[in-house]
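Examining the three-dimensional arrangement
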Amino acid sequence: MDKPRFILHHYEDSPYAEKIRLMFGLTNMAWGSVLSPVQPPRPNVDPLTGGYRRIPVAQLGADIFCDSQIIAAEIAAFTEDTRVAAIVEDAAADALVKRGEGDVFFCAITRVSPLKLMGTLLMRFGPLGMFKFVKDRQGMMKGGTVKPPQGAAAQKLIDEFMVDVDAHLSSRDWMAGETASYADFAVFHPLWLASRAGGLVIADSLPQLKDWFSRVAAIGSGARQELDAVVAFAAARENEPRALPQGSEDTALINTAVSVAPMDYGRVPVTGVLVAYTPTRIIVARQTDEFGCVNVHFPRVGYSVVAE
């Protein structure tokens, strides 16, 4: 059987999806695009994941990958291009990556006044869509551990981040090497979100940051082919999950029913049988009537595993 195509379930305005799409561009990868609603229910992907709340989700046949770090690892393995793996060896760049994927990301939204944000959402989604989006995102953060600054404090954090990134780029074209890499996309995506959701404009006083932002955006998204969900479902149905990775830890939960959920936000659990628990990855097998067995992959860091 031919190697399954790489499929991404995403929506256009998702900043995490933009991070992944840029990886496709850097590796010049051909991939299938299945567009998802901006909030649940997501009939194109919920049956595959068992209800995982966040986007994007990637798919290779009957293997389903949740969280952008796992997806990055899969793209690196698929293309044999380590630049997109979520590993940053440059210490200064890694510190900026951690900030960009932490509070800076959430401040891209919390910096915007509620009235201005409502106006942006109204233009994009209409009155009903705006109401549904706001209600969904409020529920998504409920019970989570993320408590970013608001308003002026959030703007200050964004401003400091941009100044530091500009200084980091004063002696280099890319964040962590001679070419673009995961580090660039991780730093880029919160600023991309801030520009789309809150009209962030990079000042001329930050020339290195401004030029770099344009260079990253110009990387593009590779060879994208739009697909219907039925194609993704067929790929899951017609393939078996791949062989499990070596190095699974000896835990009493192996081969038992568990729930896996993010620990920070969007804490909707996915249930299945724990079939692998490696130093970097959690894999649960889900038996479905529609597709047979699908294996759903999560990162170890930031996810909880609880016996059912």
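Before going into details, it helps to say that this report is about the structure given with it. These numbers come from a predicted model, not from an experiment. (Residues numbered from 1 in each chain as written. Predicted model: local features only at pLDDT ≥ 70, side-chain atom pairs only at ≥ 80, totals over all residues. Heavy atoms only, no water.)

1. Comments concerning the overall build of the protein chain
- Within the protein chain, the regular secondary structure consists of 10 helices and 10 strands.
- Relative to the globule expectation of 19 Å for 308 residues, the C-alpha radius of gyration of the protein chain, 19 Å, shows essentially globular dimensions.
- In terms of principal-axis extent, the alpha carbons of the protein chain reach across some 55 × 45 × 40 Å.
- For the protein chain, the residues scored as buried account for 52% of the 308 residues in total. (Helix = DSSP H or I, 4+ residues; strand = E, 2+ residues; numbered from the N terminus. Rg over C-alpha atoms; globule rule 2.2 N^0.38 Å. Buried < 20%, exposed > 50% of the residue type's maximum accessible area, 1.4 Å probe, protein only.)

2. Describing the nonpolar core
- Ile-75 and Trp-212 are the most contacted members of the largest nonpolar core, which totals 58 residues.
- The element that contributes the greatest number of residues to this core is helix α8 (residues 182–198), accounting for 11 residues.
- What Ile-75 contacts, discounting residues up to four positions off in sequence, is Phe-6, Ile-20, Met-23, Phe-24, Thr-27, Met-29, Glu-80 and Val-84.
- With 21 residues, the next largest nonpolar core counts Leu-48, Val-57, Phe-291 and Val-294 among its residues. (Core = buried A, V, L, I, M, F, W, Y, C linked by side-chain atoms within 4.5 Å. Contact = heavy atoms within 4.5 Å.)

3. Some words on the side chain of Asp-13
- Relative to the helices and strands, Asp-13 resides in the loop between β1 (6–10) and α1 (15–26).
- A distance of 2.4 Å separates the side chain of Asp-13 from the side chain of Arg-196, its partner in a polar contact.
- Contacts of Asp-13, omitting those with residues within four sequence positions, involve Arg-124, Trp-192 and Arg-196. (Polar contact = N/O pair within 3.5 Å; in protein donor to acceptor, adjacent residues only side chain to side chain.)

4. Notes on the environment of Thr-280
- Relative to the helices and strands, Thr-280 is located in the loop between β7 (270–277) and β8 (281–288).
- Relative accessible area serves as the criterion here: at 58%, Thr-280 is assigned to the exposed category.
- Thr-280 sits 33 residues away from Gly-247 along the chain, and the two C-alpha atoms are 9.9 Å apart.
- If we ignore the near neighbours within four places in the chain, the residues touching Thr-280 are Ile-70, Phe-298, Pro-299 and Arg-300.

5. Describing the pattern of salt bridges
- Scanning the model with the defined rule gives 17 salt bridges in all.
- Where Arg-83 meets Asp-81, a salt bridge forms, and the shortest distance between an N and an O atom there is 2.7 Å.
- Given the relative accessible area of 14%, Asp-81 is considered buried.
- The closest approach of N and O atoms between Asp-94 and Lys-98, which form a salt bridge, is 2.6 Å. Taken together, the positions of Asp-94 and Lys-98, both in helix α4 (residues 91–100) and four residues apart, correspond to about one turn of that helix.
- A residue is classified by how much of its surface remains accessible, and Lys-98, at 53% relative accessible area, is exposed.
- Salt bridges here are not isolated pairs; linked through shared partners, they connect Glu-12, Arg-224 and Glu-226. (Salt bridge = Lys/Arg side-chain N within 4 Å of Asp/Glu carboxyl O.)

6. Thoughts on unusual backbone geometry
- Look at the link from Pro-40 to Pro-41: it is a cis peptide, with omega at 0°.
- Put simply, Ile-55 and Pro-56 share a cis peptide bond, and its omega is 10°.
- Although it is not a glycine, Glu-80 adopts a positive phi angle of roughly 55°.
- Along the chain, Glu-80 falls in the loop between α3 (68–79) and α4.
- With relative accessibility at 73%, the residue Glu-80 sits in the exposed group.
- Located in the positive-phi region is Asn-255, a residue other than glycine, with phi close to 65°.

7. Observations regarding the sheet that holds β8
- One open sheet holds the 10 strands; their spatial order is β5-β2-β1-β3-β4-β9-β8-β7-β6-β10, and the pairing between them is mixed. The sheet is open, and its two edges are formed by β5 (223–226) and β10 (303–307), each paired on a single side. With strand direction ignored, the average angle separating the axes of adjacent strands in the sheet is 35°.
- Relative to strand β9 (residues 292–299), strand β4 (residues 63–66) is paired through three bridges, and the arrangement is parallel. Of the residues in β9, the one forming a bridge with Phe-65 is His-297.
- Of the strands in this sheet, β1, β2 (30–35) and β5 touch α1, which is tilted by about 155° from β1.
- Helix-sheet contacts for α3 involve β1, β3 (57–60), β4, β8 and β9, and the interaxial angle to β1 is about 155°. (Pairing = 2+ DSSP bridges. Axes fitted to C-alpha atoms, helices over the stretch in contact; angles between N-to-C directions.)

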